[in-house]
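Chain by chain, the residues run as shown.
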Amino acid sequence: MLALGIEGTAHTVGVGIVDGSCRVLANVYGMIKPEKGGIHPREAANHHAEAVVPLLQKALDVAGIGPDAVDIIAFSQGPGLGPCLRTVATAARALALTLRVPIVGVNHCVAHLEIGRGTTECEDPALLYVSGGNTQVIAFSRGRYRVFGETLDIGIGNMLDKFGREVGLPFPSGPILEKLARDGSILLPLPYSVKGMDVAFSGMFTAALGLRRDGARLEELAFSIQEVAFAMLTEVTERAMAHIGKDEVLLGGGVARNRRLQEMVGRMASDRGARMFVPPGDLCIDNGAMIAWTGLEMHRAGVRMSLDDTVVDQRFRTDEVAVTWR
Ligand code: ATP
Ligand code: FE2
């Protein structure tokens, strides 16, 4: 069985094709990079509308299959930016109708976790999901994926990108700050903001900008932001793992590619006799393969959607999904 998934919740539009054992046959994407300022939902949607058909063709070419080989169409139903979600849903509906195959709407956050379960050896992990828009600790409990901790203001990746923008770095700034941090070693004072299993980053953003204005070197700032922010994330992940009794931790989202974060979470895991899993980088970021795989799992478990069920949901919560496939 082959599933084709279309992702388009924010900056990235992606198309992935996976088979029934989570082998990724294709995973291609395009991304809108804002010239200045943040992402504009309408512009991103226009970008996705133009990019999606060529990406569909490219994914089929990479997989070496024709459209008739596809058994299910899956798409990101939410959470995300309304115009982007609607654009991708429209493409998915048109494709499913043309190919006469079932369509499945997928929760984006759940897909980050499922692709990790599908492509690594973990079975029942706590997911530390760290991207631009999202920062959550998610785990399976009583038939649902539940959010045990999350950011109370902005996502970690958003904080890194905003800080980068203010100091003149190109978008996305996360990977650039990671490189700069390697040449920093002085820990500058930044607020460590953990409340129970939740975190907050806007205070750190403001404080870091203030230090920059006072002449702090970018390398020290990048180093300090990473040390403090990642320590916060590691702490809440550990607390969630202890609370729900999980001995596996999975990383997901674009920031999960950061080596320093991997090192800190990996250290925490081994200290408590747990294991850490990190999917390949192009399955950590927003991607179509994770949508395809989750849609395939849902379909196999008997989930069926009429076109009326495919309405997008900008605020689609992780724990709204009845997880019937595990
Ligand atoms: P979502 O819609 O799930 O919030 P997103 O649109 O932010 O996702 P992702 O591709 O998951 O997309 O993540 C992008 C974020 O990851 C950006 O904020 C980027 O700066 C950050 N990022 C990517 N690589 C690294 C890295 N090596 N270190 C730190 N941050 C990184
Ligand atoms: Fe994401």
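Structure shown above.
Residues numbered from 1 in each chain as written. Chains lettered and ligands numbered in written order. Predicted model: local features only at pLDDT ≥ 70, side-chain atom pairs only at ≥ 80, totals over all residues. Heavy atoms only, no water.

A. Structural detail: the overall build of the chain. The number of helices and strands found in the chain is 10 helices and 12 strands. Whereas a compact globule of 326 residues would reach a radius of gyration of roughly 20 Å, the chain reaches 19 Å, a difference of no more than 12%. Referenced to the eigenvectors of the C-alpha coordinate spread, the extents of the chain come out at roughly 60 × 45 × 30 Å. Within the chain, contacts between residues at least 6 apart in sequence are counted, and of these 75% link residues at least 24 apart. Treating the 33 positive side-chain charges of the chain as one cloud and the 37 negative ones as another, the clouds have centres 2 Å apart. (Helix = DSSP H or I, 4+ residues; strand = E, 2+ residues; numbered from the N terminus. Rg over C-alpha atoms; globule rule 2.2 N^0.38 Å. Contact = heavy atoms within 4.5 Å. Lys, Arg positive; Asp, Glu negative; His and termini not counted. Charge placed at Lys NZ, Arg CZ, Asp CG, Glu CD.)

B. Highlighting the layout of surface pockets. One number sums up the size of the second largest pocket: a volume of about 180 Å³. Lining the second largest pocket are Leu4, Val52, Val53, Leu56, Gln57, Leu60, Pro67, Val70, Ile73, Ala91, Leu95 and Leu99. Elements with a contribution of two residues or more to the lining of the second largest pocket: helix 1 (41–63) and helix 2 (82–99). Of all the elements, helix 1 adds the most residues to the lining of the second largest pocket, at five residues. Here the lining of the second largest pocket is composed, by residue class, of 11 nonpolar, one polar and no charged. (1 Å grid on protein atoms, 1.4 Å probe; cavity = no way out; pocket = protein on both sides within 12 Å on 5 of 7 lines; lining within 4 Å. Points joined across faces, edges and corners; volume = space filled by probe spheres on them. Nonpolar A, V, L, I, M, F, W, Y, C, P; charged D, E, K, R; others polar.)

C. Structural context of the coordination of the iron ion (ligand 2). Of the protein atoms, only His108 (NE2), His112 (NE2), Tyr129 (OH) and Asp286 (OD) coordinate the iron ion (ligand 2), at distances of 2.1 to 2.4 Å. Here the donor residues for the iron ion (ligand 2) map to a single chain with the spacing H-x3-H-x16-Y-x156-D. Of this pair, His108 sits in helix 3 (residues 108–119) while Tyr129 sits in strand 6 (residues 126–130), and the two are 21 residues apart along the sequence. Residue His108 is classed as buried on the basis of its relative accessible area of 1%. Looking at Tyr129, the relative accessible area reads 0%, which means it is buried. (Donors = N, O, S within 2.8 Å, 3.2 Å for Na, K, Ca; no water. Buried < 20%, exposed > 50% of the residue type's maximum accessible area, 1.4 Å probe, protein only.)

D. Spotlight on the side chain of Glu220. Among the structural elements, Glu220 can be located in helix 7 (residues 218–244). Within the structure, the side chain of Glu220 is placed 3.0 Å from the backbone nitrogen of Ile186, a separation counted as a polar contact. With near-sequence residues (within four places) excluded, Glu220 lies in contact with Gly184, Ser185, Ile186 and Leu188. (Polar contact = N/O pair within 3.5 Å; in protein donor to acceptor, adjacent residues only side chain to side chain.)

E. Focus on the sheet that holds strand 12 (residues 275–277). If you trace the five strands from one edge of the open sheet to the other, you get 8-7-6-11-12, paired in mixed fashion. Because the sheet does not close on itself, it has two edges, and the strands there are strand 8 (144–150) and strand 12. For this sheet, the mean inter-axis angle between neighbouring strands, taken without regard to orientation, is 25°. As paired strands, strand 6 and strand 7 (residues 135–141) are joined by five bridges and run antiparallel to one another. When the bridges of strand 7 are listed, Tyr129 appears paired with Gln136. Across the sheet, helix 8 (residues 259–271) lies against strand 6, strand 11 (248–252) and strand 12, angled at about 150° from strand 12, the strand it touches most. (Pairing = 2+ DSSP bridges. Axes fitted to C-alpha atoms, helices over the stretch in contact; angles between N-to-C directions.)

F. Representation of the packing of aromatic side chains in the model. Counted according to the given criterion, the structure contains one aromatic pair. Measuring from centroid to centroid gives 5.6 Å for Phe140 and Tyr145, while their planes differ by 65°, and the two rings are edge-to-face. Owing to a relative accessible area of 17%, Phe140 belongs among the buried residues under this scheme. The residue whose ring lies beneath Lys162 is Phe205, and the NZ or CZ to ring-centre distance is 4.7 Å. Here the basic side chain of Arg326 rests over the ring of Phe140, its NZ or CZ set 4.0 Å away from the ring centre. (Phe/Tyr/Trp six-rings, centres within 6.5 Å; stacked < 30°, edge-to-face > 60°. Lys NZ or Arg CZ within 6 Å of the ring centre and 35° of its normal.)

G. Highlighting the site of ligand 1. The environment of ligand 1 is formed by 23 residues, the closest being Tyr129, Ser131, Gly132, Gly133 and Asp161. Contact between ligand 1 and Gly174: an oxygen atom at 3.1 Å from a main-chain N or O atom of the residue. Isolated, ligand 1 exposes 640 Å² of accessible area, and the fraction of that covered by the protein chains is 92%. Elements that contribute at least two residues to the shell around ligand 1 include exactly helix 3, helix 4 (156–166) and helix 5 (174–181). For the shell around ligand 1, the domains that each give at least three residues are domain 1 (2–112 + 283–320) and domain 2 (124–278). (Near = heavy atom within 4 Å. Areas by Shrake-Rupley, 256 points an atom, 1.4 Å probe, with all protein chains shown as cover. Domains from an automatic or database assignment.)

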